[in-house]
Amino acid sequence: MGELFLSTLKISAFTFGGGYVIVPLMRKRFVEELNWIDEQEMLDLISVSQSAPGPLAVNAALMVGYRMAGIPGALLAVLGTALPPLLIISVLSFFYRQFRDNAYVSAVMGGMQAGVAAVISNVVLDLGNGVLKSKNLLSIAVMAGVFVAVYFFRVNIFWVILLCALLGLVGGMFRARGTKAAGPKEEEE
Amino acid sequence: MIYWQLLWSMIQIGLLSIGGGYVAIPLIQEQIVTLHGWLSLTEFTDIITIAEMTPGPIALNAATFVGMRMAGIPGALIATLGCILAPCIIVLLLAKLYYKYRNLNAIQYILSGLRPAVVAMIASAGVSIVMLAFFTKGVLPHTLHDVRFLSIGIFALGLFALKRWKVSPLLVMGGSGLIGLVVYLVIGVGGY
């Protein structure tokens, strides 16, 4: 429990540059270091978090907390995630103009932005490679299509999730029907 | 009473912000600036800038800031609570459903459709962040003047360290900030 709280606290304190930055941080901590969940489950948690309203970081932390320790774990993880921004912004609200216009702060932020870019690129390369290596044509097509829809056409993620869930369901049922003739068989995922 | 108004506004923002932090910004603006006039548009723009410069979800940062300005520390607490209340209840329900039914074939099919989609969403956010880091205007530049060579260098170094030495992402982010500061102190270039 303590591990959970401290992990979410630390991850939240470093989530610069938007919600998705928690993905590499969560993967490092919960998948690689603590071995609490695997990569597939992490992607599932992100999918579920994305289907609900609210900040991704809070939702995803709640999912991990719930997985590890039920409702108390979920609440603790949310507290860990909400605390750093609450403290930092409360303090900053007194002198936010000076903070914003400070050249040193700006220099640190400039460097950090490049670091964040490297961190998220690294996780995208790994995850993208995973999808390509699965050699599942539907998955690869979904990945390419969603990227174009979200990056170039700024389609709201809610609709994307709805459509992809449907596509997955129909595609899966189609495949299941194809393999039924050859007897009951394990799914490939 | 200001606390109730604040709480109710934040609950609405939390409930309606489906699909990422940037969806929340216009919602917050609507509630805070247009509807209640709690902050001026300039103050609101400041908040978004600060929210982007500090860690944590943008919606939570903005909520804390508004709460703090309106009613001090209790305001900040109430605003944060309001912002996450509805999402937490909904996600808790979804979490229960996920862990109960995730082994069903139908759910497995749905999730197998969603996983590559999530990878693509992360990739889309990633490309936006890389563009912002590399070019001053966040889009492909017309002149070399808009290219941030320092950032590209830090990026390359960071990616190499992550891939080759498997260093922690936190170390890469902290180290990058430090490099940014040192370079600024020594030769006076850099910045956000």
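Conventions used here
- Residues numbered from 1 in each chain as written.
- Chains lettered and ligands numbered in written order.
- Predicted model: local features only at pLDDT ≥ 70, side-chain atom pairs only at ≥ 80, totals over all residues.
- Helix = DSSP H or I, 4+ residues; strand = E, 2+ residues; numbered from the N terminus.
- Rg over C-alpha atoms; globule rule 2.2 N^0.38 Å.
- Buried ≥ 20, exposed ≤ 12 C-beta atoms within 10 Å, placed from the backbone.
- Contact = placed C-beta atoms within 7 Å.
- Expected span 1.5 Å × (residues − 1).
- Arc of directions from axis to C-beta.
- Domains from an automatic or database assignment.
- Axes fitted to C-alpha atoms, helices over the stretch in contact; angles between N-to-C directions.
- Parallel < 35°, antiparallel > 145°, perpendicular 65-115°, else oblique.
- Left-handed = near helix turned anticlockwise from the far one by under 90°.
- Nonpolar A, V, L, I, M, F, W, Y, C, P; charged D, E, K, R; others polar.
- Core = buried A, V, L, I, M, F, W, Y, C linked by C-beta atoms within 7 Å.

1. Considering the overall build of chain B
Next, step 1: Helix and strand counts for chain B come out as seven helices and zero strands.
Next, step 2: Scanning chain B from its N terminus toward the C terminus, one meets helices and strands in the order α-α-α-α-α-α-α.
Next, step 3: Taken over C-alpha atoms, the radius of gyration comes to 21 Å for chain B, far larger than the 16 Å a tight globule of 192 residues would show.
Next, step 4: For the C-alpha atoms alone, the extent of chain B along its principal axes is close to 55 × 50 × 30 Å.

2. Here we look at the overall build of chain A
Next, step 1: Along its length, chain A carries eight helices and zero strands.
Next, step 2: Reading the helices (α) and strands (β) of chain A from amino to carboxyl end gives α-α-α-α-α-α-α-α.
Next, step 3: For chain A, the spread of C-alpha atoms along the principal axes amounts to about 70 × 40 × 30 Å.
Next, step 4: Buried residues in chain A amount to 51% of all 189 residues.
Next, step 5: A separation of at least 24 residues holds for 49% of the contacts in chain A among residues at least 6 apart in sequence.

3. Section: helix α1 (residues 2-16) of chain B
Residues and elements named next belong to chain B.
Next, step 1: Compared with the 21 Å implied by 1.5 Å per residue over 15 residues, the 21 Å span of α1 between its first and last C-alpha is a close match.
Next, step 2: If you check which residues of α1 are buried, you get Leu6, Ser9, Met10, Ile13 and Gly14. Taken down its axis, α1 places every buried residue within 135° of arc, on the same side. In α1, the exposed positions that point more than 90 degrees away from the buried face belong to Trp4 and Trp8.

4. Some words on the domain arrangement of chain B
Next, step 1: The domain boundaries assigned to chain B delineate domain 1 (2-101) and domain 2 (116-187).
Next, step 2: Computed over C-alpha atoms, the centres of domain 1 of chain B and domain 2 of chain B are 28 Å apart.

5. Brief notes about the packing of helix α6 (residues 103-133) of chain A against helix α5 (residues 105-134) of chain B
Next, step 1: Axis separation between α6(A) and α5(B) bottoms out at 9 Å; the angle between their running directions is 150°. One way to sum up the angle between α6(A) and α5(B) is to call them roughly antiparallel. Crossing angle aside, the handedness with which α6(A) passes α5(B) is left-handed. Packed against α6(A), whose contacting residues are Gln113(A), Ala114(A), Val116(A), Ala117(A), Ile120(A), Ser121(A), Val123(A), Val124(A), Leu127(A), Gly128(A) and Val131(A), the element α5(B) presents Pro116(B), Val119(B), Ile122(B), Ala123(B), Ala125(B), Gly126(B), Ile129(B), Val130(B), Leu132(B) and Ala133(B) at the interface.
Next, step 2: Here the residues of the contact of α6(A) with α5(B) sort into 17 nonpolar, four polar and no charged.

6. Quick look at unusual backbone geometry
Next, step 1: With phi around 55°, Lys135(A) is a residue other than glycine that occupies positive phi space.
Next, step 2: Structurally, Lys135(A) is set in the loop between α6 and α7 (137-152).
Next, step 3: In this structure Lys135(A) comes out as exposed when scored by C-beta crowding, with 9 C-beta atoms within 10 Å.
Next, step 4: Positive phi is not limited to glycine here, since Lys166(B) has a value of about 55°.
Next, step 5: Looking at the element boundaries, Lys166(B) is found in the loop between α6 (149-164) and α7 (169-187).
Next, step 6: For Lys166(B), a count of 10 C-beta atoms within 10 Å translates into the label exposed.

7. A few points about the packing of α6(A) against α7(B)
Next, step 1: Where α6(A) contacts α7(B), the axes come no closer than 7 Å and their chain directions differ by 140°. Where α6(A) crosses over α7(B), the handedness of that crossing is right-handed. When α6(A) is examined against α7(B), the residues Tyr104(A), Ala107(A), Val108(A), Gly110(A), Gly111(A), Met112(A), Ala114(A), Gly115(A), Val116(A), Ala118(A) and Val119(A) are found in contact with a partner set consisting of Pro169(B), Val172(B), Met173(B), Gly175(B), Ser176(B), Gly177(B), Leu178(B), Ile179(B), Gly180(B), Leu181(B) and Tyr184(B).
Next, step 2: Split into classes, the residues belonging to the contact of α6(A) with α7(B) amount to 15 nonpolar, seven polar and no charged.

8. Looking at the nonpolar core
Next, step 1: Within the largest apolar cluster, 121 residues are counted, with the highest numbers of intra-cluster contacts made by Leu62(A), Val146(A) and Ile122(B).
Next, step 2: Looking at this core, the element that brings in the most residues is helix α4 (residues 58-101) of chain B, giving 20 residues.
Next, step 3: Leaving out residues up to four positions away in the same chain, Val146(A) has contacts with Val160(A), Cys164(A), Ala117(B), Ala120(B) and Met121(B).

9. A look at the environment of Asn102(A)
Next, step 1: Mapped onto the elements of the fold, Asn102(A) is located in the loop between α5 (96-101) and α6.
Next, step 2: Remark: the alpha-carbon pair of Asn102(A) and Arg177(A), spanning 75 residues in sequence, is separated by 63 Å.

10. Let's talk about the interface of chain B and chain A
Next, step 1: Contacts between chain B and chain A engage 86 residues on the former and 93 residues on the latter.
Next, step 2: If you list the elements that add at least two residues to the side of chain B that touches chain A, you get α1, α3 (41-53), α4, α5, α6 and α7 of chain B.
Next, step 3: Here the element with the most residues in the side of chain B that touches chain A is α5(B); it accounts for 26 residues.
Next, step 4: Looking at the side of chain B that touches chain A residue by residue, the class counts come to 56 nonpolar, 26 polar and four charged.

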